[in-house]
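Descriptive structure summary
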Amino acid sequence: VRGRHCITASNVAKYDTFSGLVIFNEHNPLYFTREMVRDYIDVAIDWGRQAHQADPLAKYFFLMWNCLWKSGATLVHGHFQMTLTRDMHYPKVEGLRRAALGYKAQQGRDYFDDLYQAHRMVGCAFERGGARVIANLAPVKEKEVLIISHNIDDGIKDAIFEVAEAMTKSMGVVSFNLVLYMPPIAPVGEDWSGFPLMARMVDRGDPATRNSDMGAMELYASSVVSSDPLAVAGILKERMGS
């Protein structure tokens, strides 16, 4: 699939039967514009839809952006990775779907709405262009930000760009992971009602240091985080004008 700023290719190190790349025309992985990010996301989703046409049983799309080697990227050149899988979404996405359904059954309320409102009440969330931006109070690692929308439109694409720009330009982030969770791209048997599109971005630390940002505590007990979500939210609000 060709875009204005990128092209897709097959992934040599495949995660799944359908495992592709969006290769950016821009070599510098830390240089991206609003138009570029919109194009990268559009091309990735178009790839997913075409893969689904090739195999109608493959319905679960997953997108990830690994930037520089601390994030797990093996290439400096900027790129997305995307997969399309069968039968069930990947475990952490499926786990979130089940948790949200369990919350609604128990509380009678939408999990994602309450997640946003709880963060907004303490100053860690705001809306931007129809998307909800959350500086996560329970981050998986440093400076984790969630972006939630019910539409794959310019609102969420621009919010992804603005968060990535704020983190790299104002928070000193050099290496990061960003993923996009979304419901299946075709009807399935299980209940996905109310499940939004959710982007998650996290700082992975300075690639110039040899220290790992994860150890036994993170693997087997609990995340160890030194960044303050309120400080992250403050910078995001200042940069994004909210």
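What counts and how
Residues numbered from 1 in each chain as written. Predicted model: local features only at pLDDT ≥ 70, side-chain atom pairs only at ≥ 80, totals over all residues. Heavy atoms only, no water. Axes fitted to C-alpha atoms, helices over the stretch in contact; angles between N-to-C directions. Helix = DSSP H or I, 4+ residues; strand = E, 2+ residues; numbered from the N terminus. Parallel < 35°, antiparallel > 145°, perpendicular 65-115°, else oblique. Left-handed = near helix turned anticlockwise from the far one by under 90°. Contact = heavy atoms within 4.5 Å. Nonpolar A, V, L, I, M, F, W, Y, C, P; charged D, E, K, R; others polar. Phe/Tyr/Trp six-rings, centres within 6.5 Å; stacked < 30°, edge-to-face > 60°. Buried < 20%, exposed > 50% of the residue type's maximum accessible area, 1.4 Å probe, protein only. Pairing = 2+ DSSP bridges.

At a minimum axis distance of 9 Å, the contact between helix 1 (residues 34-54) and helix 4 (residues 154-170) shows a crossing angle of 120°. Here helix 1 is positioned oblique relative to helix 4, judged by the angle of their axes. Crossing geometry of helix 1 relative to helix 4 is assigned as right-handed. For the pair helix 1 and helix 4, the contacting residues are R34, V37, R38, I41 and D42 in the first and D154, K157, D158, I160, F161 and E162 in the second. Split by residue class, the contact of helix 1 with helix 4 holds four nonpolar, no polar and seven charged.

A few words on the packing of aromatic side chains. Counted under the stated rule, the structure contains 14 aromatic pairs. Taken together, a centroid distance of 6.3 Å and an interplanar angle of 85° make the contact between F32 and F161 edge-to-face. You can see F32 sitting in the loop between strand 2 (18-24) and helix 1 and its partner F161 sitting in helix 4, a full 129 residues away along the chain. Between the aromatic rings of F62 and Y181, the centroid separation amounts to 6.2 Å while the plane-to-plane angle is 35°, which identifies the pairing as tilted. With F62 in strand 3 (residues 58-67) and Y181 in strand 8 (residues 176-181), the pair connects residues that are 119 residues apart, well separated along the chain. Both residues of the pair, F62 and Y181, count as buried. An aromatic cluster is present here, built from F24, F32, Y40, W65, F80, F161 and F176 joined pairwise through their rings.

Moving on: the packing of helix 4 against helix 6 (residues 229-240). As a packed pair, helix 4 and helix 6 sit with axes 10 Å apart at the nearest point and diverge in direction by 115°. Of the possible angle classes, the one that applies to helix 4 and helix 6 is roughly perpendicular. Helix 6 is crossed by helix 4, and the crossing has right-handed handedness. Contacts from A159, E162, V163, E165, A166, K169 and S170 in helix 4 reach I235, L236, R239 and M240 in helix 6. Partitioned by chemical class, the residues of the contact of helix 4 with helix 6 number six nonpolar, one polar and four charged.

On to the pairing of strand 4 (residues 79-86). Of all eight residues in strand 4, seven are buried, a share of seventy percent or more. In the sheet, strand 2 pairs with strand 4 via six bridges, with the strands oriented antiparallel. Considered in strand 4, the bridge of I23 is made with H79. The pairing of strand 3 with strand 4 spans six bridges and is classified as antiparallel. Bridging from a neighbouring strand, Y60 pairs with T85 of strand 4.

Don't take any of this as a statement about function, it's just geometry.
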